[in-house]
Amino acid sequence: AIIDTHGLNVSYMSYWFMSISMEQQGYDGIPYLDCKTYKGWLDNGFQVIKGQKSKLSGIVWLNVDKENEDSFMFPKEYHLFHKTQVEAI
């Protein structure tokens, strides 16, 4: 319901996995709302605090569709920062 309400483009499995990862790292909050990529925080008016390292990561499968060839998918890792690792710009 949260994903549908906020229009987030993530799978339910990704949401579940990130929820478990956040819990294991001791972070509270809602996945993908309280943790975002570096660019995601910048787009929302926040800056990652200097020296902070991402402790949350996931994998997204990207589809490559080449003309006159078969399409294929490949994994790409992404890193997220928690709301406690950022400050307002």
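Bear in mind the structure is a predicted one, so any value in this text is a computation, not a measurement. (Residues numbered from 1 in each chain as written. Predicted model: local features only at pLDDT ≥ 70, side-chain atom pairs only at ≥ 80, totals over all residues. Heavy atoms only, no water.)

(A) Structural detail: unusual backbone geometry. Here the phi dihedral of Tyr-32 falls at roughly 70 degrees; this positive angle occurs in a residue that is not glycine. Within the fold, Tyr-32 resides in the loop between helix 2 (12-25) and strand 1 (35-36). (Helix = DSSP H or I, 4+ residues; strand = E, 2+ residues; numbered from the N terminus.)

(B) Geometry of the pairing of strand 4 (residues 72-82). When strand 1 meets strand 4, the two strands line up antiparallel, connected through two bridges. By the bridge assignment for strand 4, Lys-36 is matched with Phe-81. As defined by bridge partners, strand 3 (residues 56-64) adjoins strand 4 across nine bridges and the pair is classed as antiparallel. Across the sheet, the residue bridging to Gly-58 is Tyr-78, located in strand 4. (Pairing = 2+ DSSP bridges.)

(C) Examining helix 2 more closely. Given a rise of 1.5 Å per residue, 14 residues ought to cover 20 Å, and the 20 Å separating the end C-alpha atoms of helix 2 matches this to within 8%. For helix 2, the set of buried residues is Ser-14, Met-18, Ser-21 and Met-22. End-on, the buried residues of helix 2 take up no more than an arc of 100 degrees, which puts them together on one face. Exposed residues lying more than 90 degrees from the buried face of helix 2 are Tyr-12, Met-13, Trp-16, Glu-23 and Gln-24. Close packing links the buried residues of helix 2 with strand 1, strand 3 and strand 4. (Expected span 1.5 Å × (residues − 1). Buried < 20%, exposed > 50% of the residue type's maximum accessible area, 1.4 Å probe, protein only. Arc of directions from axis to C-beta. Contact = heavy atoms within 4.5 Å.)

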